[in-house]
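Chain residues, written in single-letter form:
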Amino acid sequence: MRFPEDVPVLSDGAVTLRAHTADDVEPAYRMCQDPVMQQWTTIPVPYLREHAVSFLTEQIPAGWRDNTMWAWAIEYDGTYVGTIDLRDGEGGVGEVGFAVSPEVRGRGVMTTALKLAVRYAFDGLGWDRVIWRAYVGNFASRRVAWKAGFGGLVTIPGGGRSRGVRKDEWVASVGKDDELAPRTPWWTIPVLEGGAIRLRELRESDAQRAMEACSDERTQHWLTGMPSPYLLDDAKAFIGSRPDEAAAGQAVPWAIADAVTDELLGNISIFGLNNRMDRAVGEIGYWMHPDARGRKVMSTAVGLAIGHAFRPVEDGGLGRLRLVLKCAATNTASAHVAEINGFTRVGNERRADPRRDGTRDDLLTYDLLAEEYAAR
Ligand SMILES: CC(C)(COP(=O)(O)OP(=O)(O)OC[C@H]1O[C@@H](n2cnc3c(N)ncnc32)[C@H](O)[C@@H]1OP(=O)(O)O)[C@@H](O)C(=O)NCCC(=O)NCCS
């Protein structure tokens, strides 16, 4: 292809992808000074003007001429605001990379740009699949990819490389027959308040209290899947992985906090939300810090979570039709929380709940239906 003559102009009216010009060097250079940009991409740091000159006026034109990289300037409101590129493409599969300047982030510019580029990869270049990669934690990029239909996300420990350092990486992809729209829900974690408690997102500052709660003898006894001993690093890893659960559409995880002090009292989660066989079910799980037990805090927290689970999706809820809660037959405190919230005992799986000492308890299943909840 000839540069810039053969570079296709792609537009939805508001966002336009076009060939780079020498005038884009200065705004591209400025964009690359942004610390967020430097954190999440492989650009050189410090980023010098000559880097922008070389990338925009040499590497990008060469990419179009050699059929190895197809990069566009992203124009919004008549101004250069970023760059998006497609690379490789051998055998019909290639990768996409992108960035926009901080001033226009959060307005959907990149989502539009990504859809335009991906459509061109399929229709213009004849690709079958486009791959997106990002360092773990780059939720803005993940959300853009999610909105454009990228799915099947996996985490590859150490899969990314950043200036000589290995980083954990997310990888997802979209195929030519896929709709360029989200494939799974991305749940938000709303703040819910009632009865002197607040359900909110877990934070790093909750780690000490979470460690105390999870290393407690009773928590360790009933929740045998937890690491033992349970260390501060385990608590940090648990807290750090919560946003991922929500973004993957699998769970809505909350901290249970004191409404006045905001101190962590416990944890509650509605999980199993991505069950392929049943999109309308969810399971409730929880643990409590020992110093908050015996005050009906968990019963209140479950009540708040249930309300969110049964609320229709269009009203910001999870649109569930059935909720499940499971506990060991001998865990009377947990069974009480289920019963006080109107759950019905529907099953007893014999010896289904292994203890750490090798013994096994029966596992009770409770459920609550949306119509029962509505009739209260
Ligand atoms: C990633 C990036 C390109 C997104 O550009 P953008 O124009 O803001 O993208 P959009 O507005 O189309 O969408 C961003 C979405 O992420 C959401 N978002 C932003 N930060 C987020 C966070 N920390 N957690 C969750 N979502 C977040 C926004 O709310 C928005 O979603 P919404 O429209 O549903 O509200 C931009 O942040 C950027 O240039 N970052 C630096 C470079 C980079 O990371 N490139 C990608 C490397 S893989």
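Data block above holds the structure.
Residues numbered from 1 in each chain as written. Predicted model: local features only at pLDDT ≥ 70, side-chain atom pairs only at ≥ 80, totals over all residues. Heavy atoms only, no water.

What exactly am I supposed to notice about the sheet that holds strand E9 (residues 192-194) here?
Strand pairs in the sheet, formed through backbone hydrogen bonds, run parallel or antiparallel to each other. Read from one edge to the other, the open sheet built from eight strands follows the order E9-E10-E11-E12-E13-E14-E16-E15, with strand pairing classed as mixed. The sheet is open, and its two borders are formed by E9 and strand E15 (344-354), each paired with just one other strand. Along the sheet, successive strands turn relative to each other by an average axial angle of 25 degrees, direction set aside. Alignment of strand E12 (residues 264-271) against strand E13 (residues 281-288), held across six bridges, turns out to be antiparallel. What sits directly across from Ile-270, in E13, is Ile-284. (Pairing = 2+ DSSP bridges. Helix = DSSP H or I, 4+ residues; strand = E, 2+ residues; numbered from the N terminus. Axes fitted to C-alpha atoms, helices over the stretch in contact; angles between N-to-C directions.)

Teacher, can you tell me more about unusual backbone geometry here?
When glycine is set aside, most residues are seen to have a negative phi, and most peptide bonds are trans. Between Phe-3 and the following residue, Pro-4, the backbone shows a cis peptide bond with an omega angle of 0 degrees. Here the residue pair Val-45 and Pro-46 is connected by a cis peptide bond, since its omega of 0 degrees sits within 30 degrees of zero. Inspection of the secondary structure assignment puts Pro-46 in the loop between helix H2 (35-40) and helix H3 (49-66). A positive phi angle, close to 65 degrees, is found at Asp-88, a residue other than glycine. Take Asp-88: it is sitting in strand E4 (residues 79-88). For Ala-196, which is not a glycine, the phi torsion comes out positive at approximately 70 degrees. Take Ala-196: it is sitting in the loop between E9 and strand E10 (197-200).

Please clarify how the nonpolar core should be interpreted in this entry.
Note on soluble globular proteins: their nonpolar side chains tend to be buried together. Of all hydrophobic cores here, the largest spans 57 residues; its most connected members are Trp-72, Ile-74, Ile-84, Val-130 and Phe-150. Considering every element that reaches this core, the biggest residue donor is helix H4 (residues 109-123), with ten residues. With residues up to four places along the chain from it excluded, the contact list for Phe-150 reads Val-96, Leu-114, Val-118, Val-130, Ile-131, Trp-132, Ala-145, Ala-172, Ser-173, Val-174 and Arg-183. In terms of nonpolar packing, the next biggest core, distinct from the first, is built from 38 residues, Ala-246, Val-252, Val-302 and Leu-325 among them. (Core = buried A, V, L, I, M, F, W, Y, C linked by side-chain atoms within 4.5 Å. Buried < 20%, exposed > 50% of the residue type's maximum accessible area, 1.4 Å probe, protein only. Contact = heavy atoms within 4.5 Å.)

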